[in-house]
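Residue-level structural notes
Below are the chains, spelled out letter by letter.
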Amino acid sequence: YLASMEEINTTVTSLFFNVLAAQMALEMAEKNYSSTELASKIAKERYEIGTISNSDLLQLRLRLFNDKLSISDNRLALETNILELRSYLGFNETVELELVLPRKGPDIQLDFDEVYTRATDNSSYTIDNELKILGAEQDVARAKSDVGLQAKFFAQFGLTQKGSNLSDTYSNPMDQEVIGLSLSLPIIDWGLGKGKIKLAKSREDVIRTQIEQAYFQYKQDILIKVLQFNKQSMQCSISAEADSIAQLRYNITLERFQNGTITVTDLNTAQSEKDNAAKRYISDLSNYWQYYFTIRKISLYDYINNRKVSADFDKMIDN
């Protein structure tokens, strides 16, 4: 139950950042359109006085059309992602969603040994493997019990009556009791019983080997997730700084273009770098929270508040 609830967190996180990315993309597209529209007017004036080529003017006009198409595409993507998030959260169409970008995640570093210990102690992964081994041992015990003398004991009790009226069928019913015991001992089974035992033991060995390999892979996967999470905090800081620098550079480039000191190509390059930096920051932030909630689901531990993930099952049953 707890793991299933934590799976909801990871799904909502993915849907949240899908909406957020689409929301930011639409805002960027609208701002880019306004900036390109202004740059096109300036370029047209400069073209009339011969300080800019027709190729540069056409390049800006093409950019303007692309920005307009981008607005339409991103608006559709935003509406679609909002619909998915609203539906998953159980909201109706009257609920308006406008998400706020979380600028920074919690400043925590995870220890692999601690995460792995909590994962093996708290999650159902260990229990599932123990059940698989118990099932294999049960098959071996059943195969052994089927060899040799077999005894079956059964008892039967019944009541019966008949009559011309319905009430007569329930009056003074006659009872019948049967108790039986049967014994069987195969004289020759041509090694069939021993073969079943060996087959069951072989399957048990295979299951134990598979579980050992699965534990190794499980431990390796947790190590990778912890390393990814610990690195992602620095990635978010770097991409946030890159986003700020790219935005500042674009503002300066736009101002220089308006002054006529740079070309349209320089302006388009600065705009593309600005958009890519913003998208990279949202992507890195999304990965950060995806890594965190994945580790939290595996270990069933809240590392931000330093407590186990739990639920009041008695209260849930009472309700």
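Remember, it's a predicted structure, so these values are computed and weren't measured experimentally.

With that settled, the discussion passes to the nonpolar core. Among the nonpolar cores identified, the biggest contains 36 residues, and Leu110, Ile222 and Tyr303 are the most heavily contacted of them. Elements that contribute at least two residues to this core include exactly helix H1 (2–48), helix H2 (54–89), helix H3 (112–122), helix H5 (192–259) and helix H6 (264–299). If sequence neighbours within four positions are ignored, leucine 110 has contacts with Val115, Val226, Phe229, Asn230, Ile295 and Tyr303. In this structure, Leu57, Tyr250, Phe257 and Val264 belong to the second largest nonpolar core, which totals 12 residues.

So, about the pattern of salt bridges. Per the counting criterion, the structure on display carries 13 salt bridges. In this structure, arginine 280 engages aspartate 284 in a salt bridge whose closest nitrogen and oxygen atoms are separated by 2.9 Å. Here arginine 280 pairs with aspartate 284, and both are found in helix H6, just four residues apart, close to one helical turn. Across the salt bridge formed by arginine 296 and aspartate 302, the nearest N and O atoms sit 3.5 Å from each other. Aspartate 302 carries the same exposure label as arginine 296, and that label is buried. It is possible to trace a salt-bridge network through shared partners that takes in Glu6, Arg296, Asp302 and Arg307.

This part covers the layout of surface pockets. As a volume, the largest pocket reaches approximately 280 Å³. Every residue lining the largest pocket is counted, 16 residues in all, and those nearest its centre are Met24, Met28, Lys31, Gln247 and Ala278. For the lining of the largest pocket, the elements supplying multiple residues, two or more each, are H1, H5 and H6. Ranked by residue count, the leading element in the lining of the largest pocket is H1, at six residues. Estimated volume of the second largest pocket: approximately 170 Å³. Around the second largest pocket, the lining residues are Ala25, Met28, Ala29, Asn32, Arg63, Asn66, Asp67, Ser70, Asn74, Gln271, Asp275 and Lys279. Sorting the residues of the lining of the second largest pocket by element identifies H1, H2 and H6 as the ones contributing at least two each. Broken down by element, the lining of the second largest pocket gets its largest block of residues, five residues, from H2. Here the lining of the second largest pocket is composed, by residue class, of three nonpolar, five polar and four charged.

Cut-off values and rules
Residues numbered from 1 in each chain as written. Predicted model: local features only at pLDDT ≥ 70, side-chain atom pairs only at ≥ 80, totals over all residues. Heavy atoms only, no water. Core = buried A, V, L, I, M, F, W, Y, C linked by side-chain atoms within 4.5 Å. Buried < 20%, exposed > 50% of the residue type's maximum accessible area, 1.4 Å probe, protein only. Helix = DSSP H or I, 4+ residues; strand = E, 2+ residues; numbered from the N terminus. Contact = heavy atoms within 4.5 Å. Salt bridge = Lys/Arg side-chain N within 4 Å of Asp/Glu carboxyl O. 1 Å grid on protein atoms, 1.4 Å probe; cavity = no way out; pocket = protein on both sides within 12 Å on 5 of 7 lines; lining within 4 Å. Points joined across faces, edges and corners; volume = space filled by probe spheres on them. Nonpolar A, V, L, I, M, F, W, Y, C, P; charged D, E, K, R; others polar.

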